[in-house]
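Descriptive structure summary
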Amino acid sequence: MFDTETETDPDAQFSAELKSETLKGLVNIISALVDEVKFTLTPEGMTLKAVDAAHVAMIEMKVEKEAFIRYHAEDCEIGIDLDKLKSVLRLASGVDVIRMEQDAEKGKLIFKVGNITRAMTVLDTSGMSDPKVPDLHLKASIGISSDELKRGISAADTISDHVSVKATPERFILSCEGDTDSVSLSVGKESLAELSTDTEVCSLFPLDYFSNIIKAVPGGTVIHIELDNDYPMKLLFSIADRHVLVNYLLAPRIESD
Amino acid sequence: MFDTETETDPDAQFSAELKSETLKGLVNIISALVDEVKFTLTPEGMTLKAVDAAHVAMIEMKVEKEAFIRYHAEDCEIGIDLDKLKSVLRLASGVDVIRMEQDAEKGKLIFKVGNITRAMTVLDTSGMSDPKVPDLHLKASIGISSDELKRGISAADTISDHVSVKATPERFILSCEGDTDSVSLSVGKESLAELSTDTEVCSLFPLDYFSNIIKAVPGGTVIHIELDNDYPMKLLFSIADRHVLVNYLLAPRIESD
Amino acid sequence: MFDTETETDPDAQFSAELKSETLKGLVNIISALVDEVKFTLTPEGMTLKAVDAAHVAMIEMKVEKEAFIRYHAEDCEIGIDLDKLKSVLRLASGVDVIRMEQDAEKGKLIFKVGNITRAMTVLDTSGMSDPKVPDLHLKASIGISSDELKRGISAADTISDHVSVKATPERFILSCEGDTDSVSLSVGKESLAELSTDTEVCSLFPLDYFSNIIKAVPGGTVIHIELDNDYPMKLLFSIADRHVLVNYLLAPRIESD
């Protein structure tokens, strides 16, 4: 039986403590795209790159060691099943501290929340590739509140399965056209955190992908969007007091005219 | 694409603003009976008359222009799909203001909530008839709180599919008889807002219709009931600071002895 | 039709009043094990003994007359369908008073909540046996908060369908082993209300039974556990200001080695 009284192992490759709400924030965002993930650990923090099965969206995340209460790691990789990580999160309330430690010998990751110890087998990372994140230079930059985007996404929900994202020098516009109905979110420059483009740019995106990632971003977060004509959209934002940095790329839907 | 930057059109046949909670109150009540509705607009307000497909219940509603923050209408009719109207309501919180305007040329009704613009195609009203609301003179008048009726209806829920509604000179009684169990709500004259009848009157009604309309009435509303022996029951109440007046008629279930 | 204006019958075999939250507490616990129950009434209070269909668990409950606001009973038995009792509870909020009275002539139990009267046919108790509750002398005694056990049970939920319960002279340990994962709750003597055993004792129990009863116990309750090696576990606790006493026995799952 798993020995529940093990104290922190000073020789562990990875050992850390963080607030459960920080871990929950991470997991919400990653699980908007994938079910399993490979974290790459260094003494300075964790990173991950993941692409969904259909290769429509890609996420790159950097978790600085400052996002943790305590963090120790040697260079290594850990593969995690996100559903299992969610079951650990259900054991904790937002203010609880979650301790985690890799048990290298047994190939397990051990979580401690209060008096509960949860051991989970890590995934084999050998088959999990590192997607190459393209370096895009896009014409328009927009800074907008996650709450405004969430409202726009909700409004679009029953209208169509794709959404047009447009920036003009004066406005940011999300719009959706159905057979009989249409909906749009239009925010003027004065209500945006940032709006910078010389010309009008516009691309069409799959609504479900866009919706999943926006719903996973905490309220009150400013999302930096980079946009161009018929190009991927880049979403940049941070959570956990700016110690978790997210770069999300979503491929456009090209309409054949 | 729908132009999101249109300002209020001074030539629109219909243009109004109201609190989202007022619109939600209306929609809840109407959708207890029908899925599509025809509003008849005049410069003084809106009215609607609707009957359900089985012709068991009928609703007549008068929305005075004072229920709106701003109201302008020429004489016209607008047909609306209530499910779509509910999707507009989901964009707003109770205190939000909803602006609406008919775009006569395109046959659309346009809703604005914050930065969101939602355009919906109106329904063709030519096939939607105006039911004739009968002028009934019923023996008993009862005034009772919607909360008390909601409790009575909930209690009846699993017992039977019809409910007996009775008034005596001293009490108002809702009762339901099942094969093994029974339930009743009995409220004395002293706890009623009104009770006026010379003799005992009683009719039997389908529980689902009665339940649907009572659950749609806001808590804390006094419902005026008019009742007779084996006659339709009339429910009269107002919402939105008495600026929305509702007259609901429910046909009795006649027991063949 | 059931006469709703009957006042309390001084000749009733059973007549009582209690807070709806007290009745709800009882019903939650009993319905964790059975759907129908026979209460044995005496002038001093009510008792029940019940065993589940699979004979895996047994509950013995004593409801002292002090748990009631008013209590009068002659020696008798009442059989109740717990689902119907739950429908009565849904008519009341936690602070409401529920009055109940046996209508011996009609074989009905009558509940009154506010202006609502609910009559239900009682069950025939002649076929409902009284299980004999074994008198066990178990080596270990543990006192632990229901909240701590609820957390442990939740953690075990997806891992396995049985749970090991262990006491050592120093700790109380709940643990669950799956194929790849494991979870444990380990609470030291200093964090327990009580821990008394000379040697380590351990038994294995079906998780669903253990989970159902623990989830039905109110938060903040101290549960007294008695435990031995491959023996039934005894859970003792009280609710309703110690006026409702519960003794729950759960048979072990014996592993054939």
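Residues numbered from 1 in each chain as written. Chains lettered and ligands numbered in written order. Predicted model: local features only at pLDDT ≥ 70, side-chain atom pairs only at ≥ 80, totals over all residues. Heavy atoms only, no water.

Concerning the interface of chain B and chain C
Frequently, the measure chosen for interface size is the accessible area removed from exposure when the parts meet. We apply this condition: Contacts are assigned to residue pairs with any non-hydrogen atoms lying within 4.5 Å of each other. When two parts are put together, the accessible area they lose, computed with a 1.4 Å probe and summed over both, is reported as buried area. In what follows, salt bridge is the name for a side-chain nitrogen of Lys or Arg lying within 4 Å of a carboxyl oxygen of Asp or Glu. Secondary structure elements follow DSSP: runs of H or I of four or more residues count as helices, runs of E of two or more count as strands, with numbering from the N terminus. Put simply, Ala, Val, Leu, Ile, Met, Phe, Trp, Tyr, Cys and Pro go in the nonpolar bin, Asp, Glu, Lys and Arg in the charged bin, and everything else, Gly too, in the polar bin.
Taken together, the contact between chain B and chain C spans 20 residues of the former and 14 residues of the latter. A combined buried area of about 1,400 Å² lies between chain B and chain C, and 48% of that area is made up of carbon and sulfur atoms. Counting the surface chain B buries against chain C, the share from its top three residues, Asp 181, Ser 182 and Ser 184 of chain B, is 31%. Between the two partners, chain B and chain C, sit two salt bridges. Only α3 (146-156), β12 (171-177) and β13 (182-188) of chain B provide two or more residues apiece to the side of chain B that touches chain C. Ranked by residue count, the leading element in the side of chain B that touches chain C is β13 of chain B, at six residues. Of the residues belonging to the side of chain B that touches chain C, the class tally is six nonpolar, nine polar and five charged.

Structural notes on the pairing of β13 of chain B
Here is the key point about a regular strand: its side chains alternate between the two faces of the sheet. Filter applied, for reference: Buried means the residue's accessible area, taken with a 1.4 Å probe over protein chains only, is under 20% of the maximum for its type, while exposed means over 50%, and partly exposed covers the values in between. Paired strands, in this sense, are two strands between which DSSP finds at least two bridges.
For β13 of chain B, the tally of buried residues reaches seven of seven residues, placing the bulk of the element in the interior. Burial of β13 of chain B is two-sided: the residues Ser 182, Ser 184, Ser 186 and Gly 188 of chain B facing one way and the residues Val 183, Leu 185 and Val 187 of chain B facing the other way are all buried. Here seven bridges tie β12 of chain B to β13 of chain B, and the two strands are oriented antiparallel to one another. Bridge pairing links Ser 175 of chain B to Ser 184 of chain B in β13 of chain B. From the end of β12 of chain B to the start of β13 of chain B, which pair antiparallel, there are four residues. Bridge analysis of β13 of chain B against strand β9 (residues 116-121) of chain C gives four bridges, and the strand direction is antiparallel. Bridge assignment links Ser 182 of chain B to a residue of β9 of chain C, and that residue is Ala 119 of chain C.

Points about the sheet that holds strand β3 (residues 45-51) of chain A
Residues and elements named next belong to chain A. This is how it is decided: Lines fitted to C-alpha atoms define the axes, with helix axes restricted to the stretch in contact, and inter-axis angles between N-to-C directions lie between 0 and 180 degrees.
The strand order across the open sheet formed by nine strands is β6-β2-β3-β4-β18-β17-β16-β10-β14, and the pairing between neighbours is antiparallel. With one partner strand each, in any of the chains shown, β6 (76-81) and β14 (194-196) form the two edges of the open sheet. On average, adjacent strands in this sheet sit at an angle of 20° to one another, irrespective of strand direction. This element, helix α1 (residues 20-30), spans β2 (36-42), β3, β4 (57-64), β17 (233-239) and β18 (244-250) of the sheet and lies at about 165° to β4. Seen against the sheet, helix α4 (residues 207-216) touches β4, β16 (222-227), β17 and β18 and runs at an angle of roughly 15° to β17.

So, the interface of chain B and chain A
This is how the line gets drawn: Contacts described as polar in this section are N or O atom pairs within 3.5 Å, which, within protein, must combine one atom able to donate a hydrogen with one able to accept it, while residues neighboring in sequence count only if both atoms come from side chains.
In this assembly, 14 residues from chain B lie in contact with 20 residues from chain A. Summing both partners gives a buried area of about 1,400 Å² for chain B against chain A, and 48% of it is carried by carbon and sulfur. At the junction of chain B and chain A, the tally comes to two salt bridges. Ionic pairing is found between Asp 181 of chain A and Arg 118 of chain B, a salt bridge with its closest N-O pair at 3.0 Å. Across the contact surface, chain B and chain A share 10 residue pairs in polar contact (both at pLDDT 80 or more). For the side of chain B that touches chain A, the element with the highest residue contribution is strand β9 (residues 116-121) of chain B, accounting for six residues.

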